[in-house]
Amino acid sequence: MQQKTDISNLIIPNHIAFIMDGNGRWAKKIAMPRKVGHIAGAKTFKKIVDYCEKIGVKYVTAYAFSTENWKRPKDEVDSIMKLLVDYLNDAIKNFKNDNRILRFIGDREPLSDLVKQKMQEAEDSCKGRTGMIVTIAINYGSRDEICNATKNIVKMCLDGKLSIDDIDNDLISKNLYTADIPDPDLIIRPSGEIRLSNFLMWQAAYSEFWFDNVLWPDFSQNDLNRAIKDYNTRDRRFGGI
């Protein structure tokens, strides 16, 4: 049994990002279809977001569906999209008195009209709230994000609104999907994979990373505590001494 990790006297990261990996392998371990793993992973996501809010995390970003995930079998993609719609319906219906803000990043164009409608409804329902910001990355890819930012900046230059000398790190950041939230302090990826997989590559320049073999559906509050404890051992110098 895993020993309980105490974080009562530790610094809580302002922004934690999650690569929710391992749903399919979790399902395979119990000889079930991959969609069963995604259902379990969605339940874990809800629990972890609730816990993040409880311990004082201000921003949570979750990698739910990448631009590359369209390559997966159609029935698996369909099950992920249905889970998203179910989650959004639940958020719209049952969290009217919640102060949490839900937002999305990624290219919405290829998504179904129903998914886009529910995403918009969920975002609209959060207007006026001031609590923790939960960002879900749907059809998101960091390379696409940077390409889109570059196109926006080039267009502004061609329109005479900017000169080449105006282009700097801050301008690029302001043209990313995440322009209105701070970069993640801590990026967590369970499942044993040790890579970003096209997630927040610009924003992760000075993020701390935490990797572990636990599969996402089994990821617990205590696993998050272990990551936060490890985060507190890091010396974050941001390029300085």
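## Things to note about helix 4 (residues 113–125)
Link 1 in the chain: Compared with an ideal rise of 1.5 Å per residue, which puts 13 residues at 18 Å, helix 4 spans 18 Å between its outermost C-alpha atoms and is within 8% of the ideal.
Link 2 in the chain: Val 115, Lys 118, Met 119, Ala 122 and Glu 123 are the residues of helix 4 that are buried. The buried residues of helix 4 occupy an angular sector of 135° when projected down its axis, which confines them to one face.
Link 3 in the chain: Buried residues belonging to helix 4 abut helix 3 (74–94) and strand 3 (101–105).

## Describing the pairing of strand 6 (residues 208–211)
Regular strands place side chains that alternate from one sheet face to the opposite one.
Link 1 in the chain: Only one face of strand 6 is buried: it carries Glu 208 and Trp 210, and the other face, with Phe 209 and Phe 211, is open.
Link 2 in the chain: In this sheet, strand 6 lies alongside strand 5 (residues 186–189) in parallel orientation, the contact comprising four bridges. Paired with Leu 186 across the bridge in strand 6 is Glu 208.

## Describing the pattern of salt bridges
Link 1 in the chain: By the definition in use, this model includes 25 salt bridges.
Link 2 in the chain: With a shortest N-O distance of 3.1 Å, Arg 25 and Asp 21 are connected by a salt bridge.
Link 3 in the chain: For the salt bridge of Glu 208 with Arg 236, the shortest nitrogen-to-oxygen distance reads 3.5 Å. Taken as a pair, Glu 208 in strand 6 and Arg 236 in the segment after helix 7 (221–231) lie far apart in primary sequence, 28 residues in all.
Link 4 in the chain: Look at Arg 236 and you get partly exposed, because its relative accessible area is 22%.
Link 5 in the chain: Each member of the salt-bridge network shares a partner with another, and the members are Asp 21, Arg 25, Arg 189, Glu 193 and Arg 195.

What counts, and at which threshold
Residues numbered from 1 in each chain as written. Predicted model: local features only at pLDDT ≥ 70, side-chain atom pairs only at ≥ 80, totals over all residues. Heavy atoms only, no water. Helix = DSSP H or I, 4+ residues; strand = E, 2+ residues; numbered from the N terminus. Expected span 1.5 Å × (residues − 1). Buried < 20%, exposed > 50% of the residue type's maximum accessible area, 1.4 Å probe, protein only. Arc of directions from axis to C-beta. Contact = heavy atoms within 4.5 Å. Pairing = 2+ DSSP bridges. Salt bridge = Lys/Arg side-chain N within 4 Å of Asp/Glu carboxyl O.

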